[in-house]
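Reading the structure
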Amino acid sequence: MSRALQALFFLLIVRPFLALVLGVNLRHADRLPQTGPAILAANHNSHLDTLLLMSLYPMAKLHRVRPVAAADYFLKNRVIAWFALTIMHILPLSRRPRKASTPQPSPEKGGHPEGHKGANEMPKPANEKPLAHIEAALAAGDILILFPEGSRGEPERRSALKSGIAHLMADAPTVPVVPIYLRGLGKALPKGEWLPVPFFADGWVGEPLSWQGDRAATMRLLEARFAELEQEGKAPAWE
Amino acid sequence: MPPNLQAALYGILALLVAGTVIIGLKKWLRPGAGDHELWLRMRSWWIMAGLFVLAIAVDRALSIVFFALVSFLALKEYFSIIPTRRADRRVLFWAYAAIPVQYFWVYDAWFGLFIIFIPVYLFLFIPLKMVIVGETQGFLKAAGTLHWGLMTTVFSLSHAAFLLALPDAKNPAAGSAGLLLFLVFLTQFNDVMQFVWGKLAGRRKVIPKVSPGKTVAGFVGGIATTTLVAWLAAPYLTPLTGWQPIAAGLIIGIGGFVGDVTISAIKRDLGIKDSGSLIPGHGGILDRVDSLTYTAPLFFHFVYYLHY
């Protein structure tokens, strides 16, 4: 049922919207992994990023492409949580760093303890082994979408990569990580805007990489791949 | 559909078949590095010609929607390649919103508004929206580039569609669709002929600073061929008589060249080779309609002044 809803949503809304309002030009499309397990690591400027990356796959494979998305944002109310889980098939991720293993509700953030609200939909409480359900999806052969910058940030500007992705790569050292540099979607629908404005979007798929033995080396390589792709698609800053 | 129009469509079909056969033979007899590109280009011609013919064969409204869509894609491509300001994101939305309005005037055959809506009202409205946003850094450049895009991709191109709003009775040979077919076919034919003459005999460059691929032979040969075909086809598709088809051929030949190199100059300025990748083998949609942005208004006013 959920798979059918997802298929309908992409067929009737997402794909026509991307084709007409945006238009996507993907370079090195042959580097896109056709089967899982694999991780697509993209820079993040817009909610449209996820829709675009999922639409790169044929409808038959759509349900195997799973965006990893922040639980605090996408499970914050029932409507969004229903959409995120039922239509987008997200794998919710707690954004709190792993080393803070004891839950510390911070009053200034209005912090609610883990397990509040939509968290009952998560396969496991986040503070035990926050990546377990994500690793299970990889083990099942899914293709994951991950935004290592952690949030959308300033439109059309890359921000520093967070090392969260390295934890996952360390646990699944043979899984290929494919860096994808996206441009233009931050203009079409940046953070904080609701009105999409048509722009052509560009994407550059990089060479796959995997766990380099330690976290720093892995992150350096990933960062270097992004820098290369950004150089290839060099454009003036959007100010 | 008027019989002359039908005959012209068969003629285009024959040209497409001939082009495909020639490229196929070249690929077979003298294989070269550019073959795949040529093949893609030919395939795209089939698709573009098919869509265009389908639109004008069905009805006037669909043809107008077709041109509105071409304007939209061209404007989107333009806004995507030029540097825009972050502050103008919503202003661009209003520029896009002008497209359905402009094409509604076409559909309504409301010449008075069609001819001033973008040059006057949008020209005044866009800076107003920008003032409301309040970002003054780069204001003049942004206002200029936004309006240039609207004039080129929407105002100019909509002249092709407005040919369909002209009364059929004044063109007994083939109706208003005959004029549109004459303009669009000759503009595209001129592009191809300039390319072919340039490849066959081109040596001296016309404007190396803007477009190093353009040669004197391509320019002259293209215009001559276009004018000849205009003279042959005009009696069957247009109300043009006497010297007029020759003038129309020259307008389309020279105008098409200027439109082409104008977009080339912009691409050079921005440091890009193609305006996009929408049409395999051709580049972007601006690369394809660049010549039409000049020929459409020039040909329209030529015919309109003489016969309507």
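Everything below is about the structure printed above this text.
About the cut-offs
- Residues numbered from 1 in each chain as written.
- Chains lettered and ligands numbered in written order.
- Predicted model: local features only at pLDDT ≥ 70, side-chain atom pairs only at ≥ 80, totals over all residues.
- Contact = placed C-beta atoms within 7 Å.
- Nonpolar A, V, L, I, M, F, W, Y, C, P; charged D, E, K, R; others polar.
- Helix = DSSP H or I, 4+ residues; strand = E, 2+ residues; numbered from the N terminus.
- Axes fitted to C-alpha atoms, helices over the stretch in contact; angles between N-to-C directions.
- Parallel < 35°, antiparallel > 145°, perpendicular 65-115°, else oblique.
- Left-handed = near helix turned anticlockwise from the far one by under 90°.
- Buried ≥ 20, exposed ≤ 12 C-beta atoms within 10 Å, placed from the backbone.

Before going further, it helps to examine the interface of chain A and chain B. Contacts between chain A and chain B engage 13 residues on the former and 15 residues on the latter. Residues of the side of chain A that touches chain B, tallied by class, amount to eight nonpolar, three polar and two charged.

Moving on, we get to the environment of Pro245(B). Residues and elements named next belong to chain B. On the secondary structure map, Pro245 appears in helix H9 (residues 244-270). For the pair Pro245 and Tyr107, spaced 138 residues apart in the sequence, the C-alpha separation amounts to 27 Å. With sequence-adjacent residues up to four places away left out, Pro245 is seen in contact with Ala230, Trp231, Ala234 and Leu240.

So, on to the packing of helix H6 (residues 164-171) of chain A against helix H8 (residues 215-232) of chain A. Residues and elements named next belong to chain A. Where H6 contacts H8, the two axes come as close as 10 Å, and the packing angle between them is 115 degrees. It follows from the interaxial angle that H6 and H8 lie roughly perpendicular. For the element pair H6 and H8, the recorded crossing hand is right-handed. Note on element contacts: H8 touches H6 through Arg215, Thr218 and Met219, opposite Ala166, Met169 and Ala170. In the contact of H6 with H8, the residues fall into four nonpolar, one polar and one charged.

With that settled, consider unusual backbone geometry. Of note, His28(A) is a non-glycine position whose phi angle comes to about 55 degrees, a positive value. Summarising the element assignment, His28(A) is placed in the loop between strand E1 (24-27) and strand E2 (38-42). Judged by local crowding, His28(A) falls into the partly exposed class, with 15 C-beta atoms found within 10 Å. Positive phi, close to 55 degrees, is recorded for Ala109(B), a residue that is not glycine. As for its placement among the helices and strands, Ala109(B) is situated in the loop between helix H4 (89-107) and helix H5 (111-133).

Here we come to the packing of helix H6 (residues 139-162) of chain B against helix H11 (residues 292-307) of chain B. Residues and elements named next belong to chain B. Where H6 meets H11, the closest approach of the two axes is 8 Å, and the angle between their N-to-C directions is 50 degrees. Judged on the interaxial angle alone, H11 and H6 are oblique. Note that H6 runs across H11; the crossing there is left-handed. Only Leu292, Thr293, Ala296, Pro297 and Phe300 of H11 make contact with H6, whose side of the interface consists of Thr152, Ser156, Leu157, His159, Ala160 and Phe162.

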